[in-house]
Amino acid sequence: MVDLQTQYQHIKADIDRGIQSVIDSASFIKGPAVASFQKNLEQYTGAKHVIPVGNGTDALQIALMALGLKQGDEVITPTFTFIATAEVVALLGLKPVVVDVDWDTMNLSIEAVRKAITPKTKAIVPVHLFGQCADMEALMAIAKEHNLYIVEDACQAIGSVYTFSDGTQKQAATMGDIGCTSFFPSKNLGCYGDGGAIFTNDDDLAAKMRAIANHGMVVRYYHDTVGVNSRLDSIQAAILDAKLPHLNSYIAARQAAAAYYDKAFANHPNILIPARNEHSTHVFHQYTLRLIDVDRDALRNALAEAEIPAMIYYPVPLHMQKAYQDERYKTGDFPVAERLAACVLSLPMHTELDEEQLAYITQHVLNALNTKH
Ligand SMILES: *Cc1c(COP(=O)(O)O)cnc(C)c1O
């Protein structure tokens, strides 16, 4: 699905130099490498504050901790996402309220969000799924109207740009009150281990989140709030600092691969290619097809025989997960998410796909579909 070895070979000298300089300096925690990456990421995204943390899940948790919510407060999230989004809500004793998604963009359905709002709703966590921003203009209008926080889960969408109807352009993770991203190795900006970051333009929230990520501490050994320990380590920061200047070309490479796939599959009776939200660029963390009247397992098996990986993100919506069983929800409540879970298939997507590989993959997909029908 990804090819991190080849990507590394192209920038090996810079990465190796970055890692070596951390080892030479022996500042493994909170050293100059972290400060440098933080500053460069602020510059890249336009966010006033970047707070590097241990991973994307921690970023979401710390963001929600900073909002001062009370037990039982409701937080709206899509039911079609990676589990981390709702997991942190549940862990903090808040109440996850899951809603359905839009069939085309696979992101939060605005109509569903509106219907889910109650007097206890305090925050919305939109997920910019697969690398394309949710409908932020509509969500921000709803948040304003109902006095809600927005915490963007931009773990899959770093570098995606959203254009508001007045022409203003903003990066994913910098539009809501708080944004979160992950530097898991396979993410669009990935390190060589775990990493994450929080984004905000609000000075107070930034100070709170910095303290929470550091054991609730501002002055050393004086703890004002209950915090956690979540840090981006210096070696990961050095790797990310070496990769950040390439992020735009990495995005372009993913978009070029997506364009190749699009062309090969457009107008196929059994395939819907990823729909684009006209307000957002798509950075293709995943290239995800919706299959219509296709035996998905048979197709996956045929691809596997040709050594082509294809993954199902995500096979089970949140409301149907065992750990999240809730009397409020039952199978059938969120028909779009359930239909997507049954028909999506993600193809290999990374920065190193060449035409030969893309031709091989698309030919095998098309051949497998023809023989199955
Ligand atoms: C990857 C991911 C996360 C979690 O990131 P980690 O760094 O693995 O903790 C959260 N939400 C979404 C949508 C993700 O894709």
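Residues numbered from 1 in each chain as written. Predicted model: local features only at pLDDT ≥ 70, side-chain atom pairs only at ≥ 80, totals over all residues. Heavy atoms only, no water.

> Looking at this structure, how should I read helix α9 (residues 234-243)?
The α-helix advances 3.6 residues per turn, and as a result positions three or four apart in sequence lie on the same side. With 9 of 10 residues buried, α9 lies mostly within the body of the structure. What α9 keeps buried is the set S234, Q236, A237, A238, I239, L240, D241, A242 and K243. Buried residues in α9 make contact with α1 (4-10), α2 (12-25), α3 (32-45) and α10 (247-265). With a side-chain oxygen positioned 3.0 Å from the backbone nitrogen of I235, the residue opening α9 is D233. (Buried < 20%, exposed > 50% of the residue type's maximum accessible area, 1.4 Å probe, protein only. Helix = DSSP H or I, 4+ residues; strand = E, 2+ residues; numbered from the N terminus. Contact = heavy atoms within 4.5 Å. Polar contact = N/O pair within 3.5 Å; in protein donor to acceptor, adjacent residues only side chain to side chain.)

> Is there a simple way to explain the site of the ligand in this structure?
Taken together, N55, G56, T57, F82, A84, V127, D153, C155, Q156, S182 and K187 make up the full set of residues near the ligand. A distance of 2.8 Å separates an oxygen atom of the ligand from a polar backbone atom of G56. In the environment of the ligand, a nitrogen atom lies 2.8 Å from a nitrogen or oxygen atom belonging to the side chain of D153. Judged by the proximity of its atoms to the pocket grid, the ligand belongs to the largest pocket. Looking at the shell around the ligand, its residues break down into 4 nonpolar, 5 polar and 2 charged. (Near = heavy atom within 4 Å. 1 Å grid on protein atoms, 1.4 Å probe; cavity = no way out; pocket = protein on both sides within 12 Å on 5 of 7 lines; lining within 4 Å. Sits in = over half its atoms within 2 Å of the grid points. Nonpolar A, V, L, I, M, F, W, Y, C, P; charged D, E, K, R; others polar.)

> Sorry, what's going on with the nonpolar core here?
Taken as a class, soluble globular proteins show a tendency for nonpolar side chains to be buried jointly. Core analysis: the biggest nonpolar cluster contains 93 residues, and F80 and L347 have the highest contact counts within it. Two domains each put at least three residues into this core: domain 1 (4-245) and domain 2 (247-370). When sequence neighbours within four positions are dropped, the list of residues in contact with F80 reads V101, M106, L129, F130, Y313, Y314, A337, L340, A341 and V344. Counting 26 residues, the second-largest nonpolar core is a separate cluster that includes I62, V88, L94 and V125. (Core = buried A, V, L, I, M, F, W, Y, C linked by side-chain atoms within 4.5 Å. Domains from an automatic or database assignment.)

> Would you mind going over empty space enclosed by the protein with me for this structure?
Empty pockets left among the atoms are what a rolling probe the size of a water molecule brings to light. Applying the stated rule across the entire model yields 2 cavities of 30 Å³ or more. As a volume, the largest cavity reaches approximately 80 Å³. Taken together, 13 residues line the largest cavity, and the ones lying closest to its centre are L4, Q7, K187, R254 and T351. Here the residues of the lining of the largest cavity are counted per class, giving 3 nonpolar, 6 polar and 4 charged. Here the lining of the largest cavity spans two domains, since at least three of its residues come from each of domain 1 (4-245) and domain 2 (247-370). What the second largest cavity holds in volume is close to 50 Å³. Along its surface, the second largest cavity is lined by D104, T105, M106, L129, F130, Q132, P274, A275, H282, Q286 and T288. A class-by-class count of the residues in the lining of the second largest cavity yields 5 nonpolar, 5 polar and 1 charged. In this structure, the lining of the second largest cavity is formed jointly by two domains, domain 1 (4-245) and domain 2 (247-370), each of which donates at least three residues. (Points joined across faces, edges and corners; volume = space filled by probe spheres on them.)

> Any chance you could explain the pattern of salt bridges here in plain terms?
Opposite charge on two side chains lets them pair, provided their charged atoms get close. Scanning all chains against the criterion turns up 10 salt bridges. Here R17 makes a salt bridge to D14, at a shortest N to O gap of 3.2 Å. With R17 and D14 both in helix α2 and 3 residues apart, this pair spans about one turn of that helix. Overall, R17 belongs to the exposed group, its relative accessible area being 54%. Note that D73 is salt-bridged to K122, the shortest N-O span being 3.4 Å. With D73 in the loop between α4 (56-66) and β2 (74-78) and K122 in strand β4 (residues 121-124), the pair connects residues that are 49 residues apart, well separated along the chain. Take D73: its relative accessible area is 8%, and that puts it in the buried class. (Salt bridge = Lys/Arg side-chain N within 4 Å of Asp/Glu carboxyl O.)

> I keep staring at the packing of α2 against α9 and nothing clicks. Help me out?
Between α2 and α9, whose axes approach to 8 Å, the crossing angle comes to 150 degrees. Classified by the interaxial angle, the pair formed by α2 and α9 is roughly antiparallel. For α2 against α9, the interelement crossing comes out right-handed. Side by side, α2 and α9 meet where D14, I15, G18, I19, V22 and I23 of the first sit next to S234, I235, A238, I239, A242 and K243 of the second. (Axes fitted to C-alpha atoms, helices over the stretch in contact; angles between N-to-C directions. Parallel < 35°, antiparallel > 145°, perpendicular 65-115°, else oblique. Left-handed = near helix turned anticlockwise from the far one by under 90°.)

> Even after reading the chapter, I still don't get the layout of surface pockets, so can you show me in this structure?
Reported here for the largest pocket is a volume of approximately 430 Å³. The wall of the largest pocket is formed by 26 residues, among which F82, Q156, F184, K187 and H285 lie closest to the centre. Where the lining of the largest pocket is concerned, the elements lending two or more residues are α4 and α5 (84-91). Each of domain 1 (4-245) and domain 2 (247-370) contributes no fewer than three residues to the lining of the largest pocket. Contributions of two or more residues to the lining of the second largest pocket are made by α3, β1 (49-53) and α8 (203-213). Class assignment for the residues of the lining of the second largest pocket results in 5 nonpolar, 3 polar and 3 charged.

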